[in-house]
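# Geometric and topological summary
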Amino acid sequence: MTQPLWKPSTERIEESNLKAFIRFVQETFHPPGLADFQSLYRWSVEQPERFWESVWRFCDVKASRPSGSVVTDFDQMPGARWFPDSRLNFAENLLRYRDDREALVFWNEKGRQSSLTYAELYDQVARVAASLRAMGLSSNERVAAFMPNMPETVVAMLAATSLGAAWSSCSPDFGLQGALDRFGQTQPKILFTADGYLYNGKTFDSLERVSQIAESIPSLERVVVIPYTRPKPKLNGIPGAVRYEDLLTGTPSGEIDYQQLPFDHPVYILYSSGTTGPPKSI
């Protein structure tokens, strides 16, 4: 194929974030000859410190303490440290808006299910974060999720990372051993799970596997169950189980007390596929 299937209009290009970023770089750093994506890419390779400083400033990264330097030991891999003096919080940057615009819109295979505005999202994150703090969650611990892609998954992730805890998740269609191969390595303190999930027109239960996961990971102190396929799933046999709605209704809303952390503080723990042995934590 030699011809592109689609090309944006000149107006659309001019209104894009990339074009706005190029203009910002031109006005702020005045690099000679920078006018399009190719020259921007070349400048990012030749001037990496200036490039990442410009990204920080253009994106208006929220930080309680900006960094004096962009990177130290740049020629080391691993070993380079980006924005080493800064202190910030990942969730605070994602929750900077608190208005009535839609932040999350949830569709599943049955169609549109729900939505949350930025204000509603902030409120739910604040309540869950306060509950996690009351459970004693700290910035050197892990929170795991055995969840579909749904708003509560995002809420739980933001609540955990607002406290500085690392977030780890895997799909609820994983078998027991697949989940244990991952969560067993990271030793989470709290597990969020839906009661089940939908796939190809069928409903699948998650709680039997969740019960076995909870029994097999000694570090787990709480299992938070979100109703998805049933309005009132039974929590019998799940050690440390609590209903998600109890986290929201039992905790008043308020301001989120974001933990301010180094730039290289872990946010997510991801995994390799596990096709050549046990999955490796990343």
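Rules behind the numbers
For every chain, the first residue of its written sequence is number 1, and the numbers climb from 1 along that sequence. With the structure being a predicted model, the display of local features is reserved for residues of pLDDT at least 70 and the display and counting of side-chain atom pairs for 80 or more, all residues being used for whole-chain, interface and lining totals. Hydrogens and waters are ignored; side-chain quantities use all the structure's heavy atoms. In this scheme, a residue with accessible area under 20% of its type's maximum is buried, one over 50% is exposed, and one in between is partly exposed, where area comes from a 1.4 Å probe on protein chains only. Counting from the N terminus, the helices are the DSSP runs of H or I reaching at least four residues and the strands are the DSSP runs of E reaching at least two. Here, residues are in contact when the closest pair of their heavy atoms is within 4.5 Å. We call two strands paired when DSSP finds no fewer than two bridges between them. Between N or O atoms, a polar contact is any pair within 3.5 Å; within protein, one atom must be a potential hydrogen donor and the other a potential acceptor, and residues adjacent in sequence are included only when both atoms are from side chains. Here the axes come from fitting lines to C-alpha atoms, over the contacting stretch only for helices, and the angles between their N-to-C directions go from 0 to 180 degrees.

## Quick word on helix H9 (residues 207–216)
- All of the buried residues along H9 are Leu207, Arg209, Val210, Ser211, Ile213 and Ala214.
- The secondary structure elements touched by the buried residues of H9 are strand S7 (142–146), helix H8 (176–186), strand S9 (190–194), strand S10 (196–199), strand S11 (202–205) and strand S12 (222–226).

## Re the pairing of S7
- Most of S7 is tucked away, with four of its five residues classed as buried.
- One ladder, built from five bridges, connects S7 with strand S8 (residues 166–170); its direction is parallel. Counted as the bridge partner of Ala145 is Ser169 from S8.
- Where S7 meets S9, four bridges bridge the pair, whose relative direction is parallel. For Val143, the partnering residue across the bridge sits in S9 and is Ile190.

## Here we look at the pairing of strand S5 (residues 102–108)
- Of the pairings in the sheet, the one linking S5 to strand S6 (residues 111–117) comprises six bridges and is antiparallel in character. Bridging across to S6, Trp107 finds its partner in Arg112.

## A word on unusual backbone geometry
- For the peptide bond that leads from Met77 to Pro78, omega is 0°, which places it in the cis range.
- Positive phi, normally seen in glycine, also occurs at His30, with a value near 50°.
- Residue position: His30 is located in the loop between helix H2 (17–29) and helix H3 (37–46).
- A positive phi angle, near 55°, is found at Asp60, a position not held by glycine.
- Looking at the secondary structure, you find Asp60 in the loop between helix H4 (48–58) and strand S1 (63–65).

## Digging into the environment of Ile217
- In this fold, Ile217 is placed in the loop between H9 and S12.
- The class for Ile217 is buried, based on a relative accessible area of 2%.
- Taking C-alpha positions, Ile217 is 6.2 Å from Gly184, a pair spaced 33 residues apart along the chain.
- Sequence-distant contacts of Ile217, defined by excluding residues within four places in its chain, comprise Leu180, Phe183, Gly184, Gln187 and Pro188.

## Considering the environment of Ala179
- Relative to the assigned elements, Ala179 resides in helix H8.
- Separated by 31 residues in sequence, Ala179 and Val210 have C-alpha atoms that sit 9.3 Å apart.
- Those residues in contact with Ala179 that lie beyond four places of it in its chain are Phe146, Cys170, Phe174, Gly184 and Ile213.

## Comments concerning the side chain of Asn108
- Examined against the element boundaries, Asn108 turns out to sit in strand S5.
- Within the structure, Asn108 has its side chain in polar contact with the backbone nitrogen of Lys110 (distance 2.8 Å).
- Here the side chain of Asn108 touches Gln113 through a polar contact of 3.1 Å, side chain to side chain.
- With residues up to four places along the chain from it excluded, the contact list for Asn108 reads Gln113, Leu198 and Tyr228.

## Here's the deal with the sheet that holds S9
- Read across the open sheet, the six strands follow the order S13-S12-S9-S7-S8-S14; overall the sheet is parallel. Pairing within the sheet leaves two strands with one partner each, and these edge strands are strand S13 (241–243) and strand S14 (268–269).
- The pairing of S8 with S14 spans two bridges and is parallel. Note on S14: the bridge partner recorded for Ser168 is Ile269.
- Where helix H7 (residues 151–162) meets the sheet, it contacts S7, S8, S9, S12 and S14, and its direction lies at approximately 155° from that of S8.

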